There are 2 protein chains.
Amino acid sequence: MNSKIKVGIAQLKISNDKTEVENKLINKVKELAKEGAELIVLQELHNTPYFCQTEDVNKFDLAETIPGRSTQIYGDLAKDLEVVIVLSLFEKRAKGLYHNTAVVIEKDGTIAGKYRKMHIPDDPGFYEKFYFTEGDLGFNPIKTSVGTLGVLICWDQWYPEAARIMALKGADLLIYPTAIGWDLNDTKEELIRQLDSWITIQKSHSVANGIPVVSVNRVGFEKADNSEEGISFWGNSFITGSQGELLQHFGESEEKGVVEVDLEKTEHTRRIWPFFRDRRFEDYSEILNRYLD
Amino acid sequence: MNSKIKVGIAQLKISNDKTEVENKLINKVKELAKEGAELIVLQELHNTPYFCQTEDVNKFDLAETIPGRSTQIYGDLAKDLEVVIVLSLFEKRAKGLYHNTAVVIEKDGTIAGKYRKMHIPDDPGFYEKFYFTEGDLGFNPIKTSVGTLGVLICWDQWYPEAARIMALKGADLLIYPTAIGWDLNDTKEELIRQLDSWITIQKSHSVANGIPVVSVNRVGFEKADNSEEGISFWGNSFITGSQGELLQHFGESEEKGVVEVDLEKTEHTRRIWPFFRDRRFEDYSEILNRYLD
């Protein structure tokens, strides 16, 4: 394993045309590999529009099994291109049982591991509790040939606990496929506050744990069914180094890029500010409560 | 209790002249109260230079008991001015047993509670493990007439666990008296990264918990004993609102100010992004380990 790895990310608009989306994604992965990427991260629910804007039983048809069509396509691609791919998709686990899942595919095309989204949001326009059963695989980083990947998904990004457990279990970096956007009826000031807090919380996981963070968000406006309203996905995908410093930060359009991330810098970062040495973990048990009243 | 409280903060240079320092501090508190402050927060180890730059047994003479001289002075002042004061000082608990402690003084001059720094740093120039015994009071917010204060101290700011426990126990806001600065031998890029990560991690506690953060740091260059080297305390004290938005942010000089903070905004913030609803606290037990190998 090299200490420096090239991470490729793409933030994309996703249409309702399944074939177009699939071809677009495959081309992006090929382009990123050509630019030298060894690890490629795609956004949350990479191959469908963000269908959770409404609750519709027919949308469960979008789910796929693991292994299944996507792991086959990207497995072949990973093997061909010799890249590790992190793929977020709508998992059909059993009849009527679905998860929001990330699959990590190794360079040889095999499945290195998967993570099922643990924290499930639910608020107007993001009706995820209807679609996704809470993950039951816990917080376990996935070993690959490019490093140990702490893969989490979207809403998980707001929880320092999840990031910490991944780091304590040896994650070399944290990865967040995500799908977050604005309600454009909000004030400009509110839009700024929301975006800033989203960047802040994820950067803070780098800072607290001394490891890089890769966050890949979708872009573009997607309308809800039978409505003119919808979500304006804010893009702003970014990669931080082990001190939380921004190595890459996209805007609000479709973009892709490859960034070198130094996993060995964690050693230096944790020597300078040795937070792990001083954790008072015997005094943290109250964290295992809903609330303390 | 009002939902909007006026928080007064001062970031100051501290000299070796004890009387001068004491008068300066008393005047600042009076000025802040005159400007309408109801809650006043002073920096870490407010009334001494940052003596931890070297290990010197004689420096234990700087410690004081609680109650003691400072709680008397600021108790009288709090009663006079009808303000709540958060005071960080070097506590002499028993013969040869010392803590880095914050005392909260109520408007009537009584001690509302105290917090003993739980996470103790130790790195070149910050030899705190020599001076301060680890706190043994746990993470308990302190109830006052202006709100429930989650008082933590400096190095604690890097630990999301500490902030979370305070929030789960009902803290209306988090307060960090702190003393952090640069080694000016570092590169300009490193200085920027360090300052940015310090702001990021504390803002993130606002974001994760939906509560304001008040962080008060010292300023000015302080030389280590018998050396031309020292620490350049970087100031940059700040106050965030419940979404992590900056309400106040000082520069690198002596400054003071009063900011209105709305404690009721937490309700709205947590409704929009209900992180507390979705915590998977039954799956966080691994956090209670030093490391998981």
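Predicted model, so just to flag it, every value in this text is computed and none were measured.

Colleague: It is not clear to me how the overall build of chain A should be interpreted in this structure. Could you clarify?
Modeller: What chain A contains, in helices and strands, is six helices and 15 strands. Its C-alpha atoms give chain A a radius of gyration of 18 Å, near enough to 19 Å, the size a compact globule of 293 residues would have. Taken over the C-alpha atoms alone, chain A extends approximately 55 × 55 × 40 Å along its principal axes. With 293 residues in all, chain A has 62% of them scored as buried. Considering only contacts in chain A between residues 6 or more positions apart, those separated by 24 or more positions represent 68%. Carbon and sulfur atoms make up 46% of the accessible area of chain A, which amounts to about 11200 Å² in all.

Colleague: I tried to follow the pattern of salt bridges on my own but got confused; where do I start?
Modeller: Pairs can form between side chains of opposite charge whenever their charged atoms are close. If you walk through the whole model with that rule in mind, you get 46 salt bridges over all chains. Among the salt bridges present, the one from Arg280(A) reaches Asp283(A), with a minimum N-O distance of 3.2 Å. You can call Arg280(A) buried: its relative accessible area is 11%. Glu245(B) is the salt-bridge partner of Lys265(B), the closest N and O atoms lying 2.7 Å from each other. You can see Lys265(B) sitting in helix α6 (residues 265-272) and its partner Glu245(B) sitting in the loop between β13 (238-240) and β14 (246-249), a full 20 residues away along the chain. The exposure class assigned to Glu245(B) is buried, which follows from its relative accessible area of 15%.

Colleague: It is not clear to me how the interface of chain B and chain A should be interpreted in this structure. Could you clarify?
Modeller: In this complex, chain B contributes 57 residues to the contact, which on the side of chain A involves 57 residues. Summed over both sides, the interface between chain B and chain A buries roughly 5800 Å², with carbon and sulfur atoms accounting for 60% of that surface. Interface area lost by chain B to chain A is led by Trp273(B), Arg280(B) and Arg290(B), which between them contribute 12%. Run the count over chain B and chain A and you get 12 salt bridges.

Colleague: Where do I start with the pairing of strand β3 (residues 84-94) of chain B in this structure?
Modeller: Side-chain direction in a regular strand flips from residue to residue, so the side chains alternate between the two faces of the sheet. Residue and element names in this part refer to chain B. In terms of residue burial, β3 counts as a mostly covered element, since eight of its 11 residues are buried. Pairing of strand β2 (residues 39-41) with β3, which is carried by three bridges, proceeds in the parallel orientation. Looking at the pairing, leucine 39 lines up with valine 84 of β3. Two strands pair when backbone bridges link them, and β3 and strand β4 (residues 97-105) are joined in this way by nine bridges, in the antiparallel orientation. Bridge pairing links serine 88 to alanine 102 in β4. Where β3 folds back onto β4 in an antiparallel hairpin, the turn is made up of two residues, including glycine 96, whose phi is positive at roughly 75°.

Colleague: Looking at this structure, how should I read the sheet that holds β3(B)?
Modeller: In a beta sheet, neighbouring strands pair by backbone hydrogen bonds and run either parallel or antiparallel. Residues and elements named next belong to chain B. Read across the sheet, six strands follow the order β5-β4-β3-β2-β1-β15 without closing on themselves; strand pairing throughout is mixed. Only two strands of the sheet have a single neighbouring strand rather than two, namely β5 (111-116) and β15 (255-262). For this sheet, the mean inter-axis angle between neighbouring strands, taken without regard to orientation, is 30°. Both β4 and β5 contribute to a ladder of five bridges, which runs antiparallel. Its bridge partner lying in β5, threonine 101 is registered against arginine 116. Docked against the sheet, helix α1 (residues 18-34) engages β1 (4-11), β2, β3 and β15, running at close to 40° with respect to β15.

Colleague: Looking at this structure, I do not really get unusual backbone geometry. What am I missing?
Modeller: A negative phi holds for most residues other than glycine; trans holds for most peptide bonds. Residue and element names in this part refer to chain A. The omega torsion of the bond from isoleucine 66 to proline 67 falls at 0°, within 30 degrees of zero and hence cis. Position of proline 67 relative to the elements: it lies in the loop between β2 (39-41) and α2 (69-81). Backbone geometry places cysteine 154, a non-glycine residue, at a positive phi of 40°. With respect to the secondary-structure elements, cysteine 154 resides in the loop between β7 (147-151) and α4 (160-168).

Colleague: How should I be thinking about the relation of the copies chain B and chain A in this particular structure?
Modeller: One copy of the chain maps onto the second through a rotation about an axis and a displacement along it. Superposing chain B onto chain A requires a rotation of 180° together with a translation of 0.0 Å along the rotation axis, leaving an RMSD of 0.0 Å. With respect to symmetry, the two chain copies, as superposed, fit the operation of a two-fold axis. A shared binding surface is used by both copies, with 100% of the interface residues of chain B retained as interface residues in chain A.

Colleague: Would you take a moment to explain the pairing of strand β7 (residues 147-151) of chain B for this structure?
Modeller: Residues and elements named next belong to chain B. The element β7 is largely enclosed, with a buried count of five among its five residues. Of the pairings in the sheet, the one linking strand β6 (residues 142-144) to β7 comprises three bridges and is antiparallel in character. The partner of lysine 143 across the bridge, within β7, is threonine 148. Bridging between β7 and strand β8 (residues 173-178) involves three bridges; their strand directions are parallel. For glycine 150, the partnering residue across the bridge sits in β8 and is leucine 174. Each parallel crossover has a hand, and for β7 linked through helix α4 (residues 160-168) to β8 it is right-handed.

Colleague: Help me out: how do you make sense of the side chain of Asp278(A) in this one?
Modeller: One can find Asp278(A) in the segment after α6 (265-272). The buried category is assigned to Asp278(A), whose relative accessible area is 4%. Among the polar contacts made by the side chain of Asp278(A), one reaches the side chain of Arg277(A) at a distance of 2.8 Å. A distance of 2.7 Å separates a polar atom in the side chain of Asp278(A) from a polar atom in the side chain of Lys129(B). For Asp278(A), the residues in contact, after removing those within four places along its chain, are His119(B), Ile120(B), Pro121(B), Lys129(B), Trp155(B) and Tyr159(B).

Here is what the cut-offs are and how they apply
Residues numbered from 1 in each chain as written. Chains lettered and ligands numbered in written order. Predicted model: local features only at pLDDT ≥ 70, side-chain atom pairs only at ≥ 80, totals over all residues. Heavy atoms only, no water. Helix = DSSP H or I, 4+ residues; strand = E, 2+ residues; numbered from the N terminus. Rg over C-alpha atoms; globule rule 2.2 N^0.38 Å. Buried < 20%, exposed > 50% of the residue type's maximum accessible area, 1.4 Å probe, protein only. Contact = heavy atoms within 4.5 Å. Areas by Shrake-Rupley, 256 points an atom, 1.4 Å probe, with all protein chains shown as cover. Salt bridge = Lys/Arg side-chain N within 4 Å of Asp/Glu carboxyl O. Buried area = accessible area lost by both parts, 1.4 Å probe. Pairing = 2+ DSSP bridges. Axes fitted to C-alpha atoms, helices over the stretch in contact; angles between N-to-C directions. Least-squares fit on C-alpha atoms with pLDDT ≥ 70 in both. Right-handed = clockwise from strand over helix to strand, strands pointing away. Polar contact = N/O pair within 3.5 Å; in protein donor to acceptor, adjacent residues only side chain to side chain.

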